[in-house]
Amino acid sequence: MILRIASWNVNSVRLRLDHILRFVSEARPDVLCLQEIKCQESEFPRRALAAAGLPHVLVAGQKGWHGVAIASAVPLEPLPALGVCREGQARSLSARVAGLDLHTLYVPAGGDLPDPALNAKFAHKLDFFARLTAKMAVLDGQSPVVLCGDLNVAPGMFDVWSHRQMSKVVSHTPIEIAAMESLRASLGFVDVIRRAHPEPEKVFTWWSYRAADFRTSDRGLRLDHIWVSPSLAPRIAEDPASSRVYQDVRAWTRPSDHVPVSFDLRL
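The rules behind these values
- Residues numbered from 1 in each chain as written.
- Predicted model: local features only at pLDDT ≥ 70, side-chain atom pairs only at ≥ 80, totals over all residues.
- Heavy atoms only, no water.
- Buried < 20%, exposed > 50% of the residue type's maximum accessible area, 1.4 Å probe, protein only.
- Helix = DSSP H or I, 4+ residues; strand = E, 2+ residues; numbered from the N terminus.
- Arc of directions from axis to C-beta.
- Axes fitted to C-alpha atoms, helices over the stretch in contact; angles between N-to-C directions.
- Parallel < 35°, antiparallel > 145°, perpendicular 65-115°, else oblique.
- Left-handed = near helix turned anticlockwise from the far one by under 90°.
- Contact = heavy atoms within 4.5 Å.
- Nonpolar A, V, L, I, M, F, W, Y, C, P; charged D, E, K, R; others polar.
- Phe/Tyr/Trp six-rings, centres within 6.5 Å; stacked < 30°, edge-to-face > 60°.
- Core = buried A, V, L, I, M, F, W, Y, C linked by side-chain atoms within 4.5 Å.
- Pairing = 2+ DSSP bridges.
- Polar contact = N/O pair within 3.5 Å; in protein donor to acceptor, adjacent residues only side chain to side chain.

Visitor: Help me get a handle on helix α1 (residues 17-27), residues and values and all.
Guide: Turning to α1, its buried residues number three or more, namely L17, H19, I20, F23, V24 and A27. Down the axis of α1, the sector holding all buried residues measures 160°, keeping them to one side. Summarising the geometry of α1, the exposed residues directed more than 90 degrees from the buried face are D18 and E26. Immediately downstream of α1, the backbone of R28 shows phi near 55°, a positive value.

So this is what it looks like as structure tokens:
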């Protein structure tokens with residue numbers, strides 16, 4: 001049996017509901033992790049997702065901002081909140097699904113100035129990574145883990161449109177990359193998308209709204225990630241097409257600035 005897990009920063013679940021339903025119909029994920037849903041729990045479109053084949057839903061919502069959710073075709077068991085956001089924002093959600101511990105995350109973007117002493121938003125981002133790293137480190141040897149979401153860091157030189165021009169811009173600075181690497185090393189996580197699409201292939205999951213044609217300018221970043229703990233790596237489907245970035249979704253009418261990513265796991 002194959003379990004397809006997808007992750008997507010939808011930038012408002014109510015505004016993009018038609019897109020979500022289209023994606024579910026075309027990509028057929030068994031589990032869909034959503035970030036930046038921008039709604040409260042009572043406002044989440046549970047019925048629409050249930051009708052689309054994803055009746056099991058968990059939501060961590062917040063009025064107007066942030067928010068994460070998991071919608072699944074198979075049962076979800078809620079797990080205790082990670083509690084890694086010092087501001088108390090709805091940025092993480094955890095569930096056990098098919099014997100896996102699944103964590104979906106919306107890491108703070110960090111503002112414009114990459115200096116934690118001068119920019120509280122950037123300090124918050126680094127603190128979020130530090131707390132999350134500490135949480136993951138104590139899970140070693142327990143249930144298999146899938147960590148996914150908008151981590152808001154493009155770690156490699158082939159995860160950005162220009163390494164030289166982006167190296168001092170928030171999302172690709174050395175301090176953020178180091179924080180992300182500490183998180184990856186905490187459980188020895190395997191980067192599923194990069195495993196299927198090794199460097200020097202450029203892989204992007206986000207393009208700014210400022211570009212009239214995102215494909216022509218192609219100034220993208222890989223901000224959205226799926227990682228698995230090492231014990232799951234042999235169970236990732238071997239076909240490279242099973243670990244996907246759905247770039248075409250960015251060309252839909254009134255799209256999110258992020259696109260979905262997914263992978264197939266053998267159970």
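Visitor: For the packing of helix α3 (residues 120-137) against helix α5 (residues 174-187), give the residues involved together with the corresponding values.
Guide: Running from amino to carboxyl end, α3 crosses α5 at an angle of 15°, the nearest separation of the two axes being 8 Å. The angle between α3 and α5 places the two elements in the roughly parallel class. α3 and α5 meet at a crossing whose hand is left-handed. Contacts between α3 and α5 involve F122, K125, L126, F129, L132, T133, M136 and A137 from the former and I175, E176, A179, M180, S182, L183, S186 and L187 from the latter. Residue classes in the contact of α3 with α5 are distributed as eleven nonpolar, three polar and two charged.

Visitor: Please give an account of the packing of aromatic side chains that cites residues and values.
Guide: In this structure the tally under the stated criterion is five aromatic pairs. Their ring planes at 40° and their centres at 5.6 Å tell us that F189 and W227 sit as a pair that is tilted. Pair noted here: F189 is in the loop between α5 and β9 (190-191) and W227 is in strand β12 (residues 224-228), with a separation of 38 residues, a long-range link. By relative accessible area, which is 3% here, W227 ends up buried. On the numbers, 5.0 Å between centres and 65° between planes, the contact of W207 with F214 is edge-to-face. Across this residue pair, the class does not change: W207 and F214 are buried. Ring-pair connections join several aromatic residues into one group, and the members of that group are W8, F23 and Y246.

Visitor: Account for the nonpolar core, naming residues and giving values.
Guide: Taken as a class, soluble globular proteins show a tendency for nonpolar side chains to be buried jointly. With 28 residues, the main nonpolar core has I5, V31, I70, L102, V146 and F263 as its most contacted residues. The residues contacting V146, other than those within four sequence positions of it, are I5, L100, D101, L102, H103, I226, W227, V228, L232 and F263. Counting residues in hydrophobic clusters, the runner-up holds 26 residues, among them A27, L49, A69 and W252.

Visitor: Break down the sheet that holds strand β8 (residues 145-150) for me, citing the residues and quoting the values.
Guide: What the six strands build is an open sheet, ordered β5-β6-β7-β8-β12-β9; its pairing is mixed. Each edge of the sheet is formed by a strand with only one pairing partner; in this case those strands are β5 (77-78) and β9. Judged from the six bridges that link them, strand β7 (residues 100-106) and β8 form a sheet pairing that is parallel. In the sheet register, H103 faces β8, and the bridge partner there is L147.

Visitor: Please give an account of the side chain of H225 that cites residues and values.
Guide: Within the element layout of this structure, H225 appears in strand β12. Overall, the relative accessible area of 1% leaves H225 in the buried class. For H225, the side chain forms a polar contact with the main-chain oxygen of V153, separated by 2.9 Å. Residues contacting H225, with those up to four places away along its chain left out, are L147, C148, G149, L151, V153, P155, M180 and D191.

Visitor: Quick rundown of the pairing of strand β14 (residues 261-266)? Include the residues and the values.
Guide: In terms of burial, β14 is a largely internal element, five of the six residues being buried. Sheet analysis places strand β1 (residues 2-9) next to β14, joined by six bridges and oriented antiparallel. The residue bridging I2 from the neighbouring strand is R266, located in β14. Here two bridges tie strand β13 (residues 244-245) to β14, and the two strands are oriented antiparallel to one another. Residue R244 lies in a different strand from β14, and its bridge partner there is S262.

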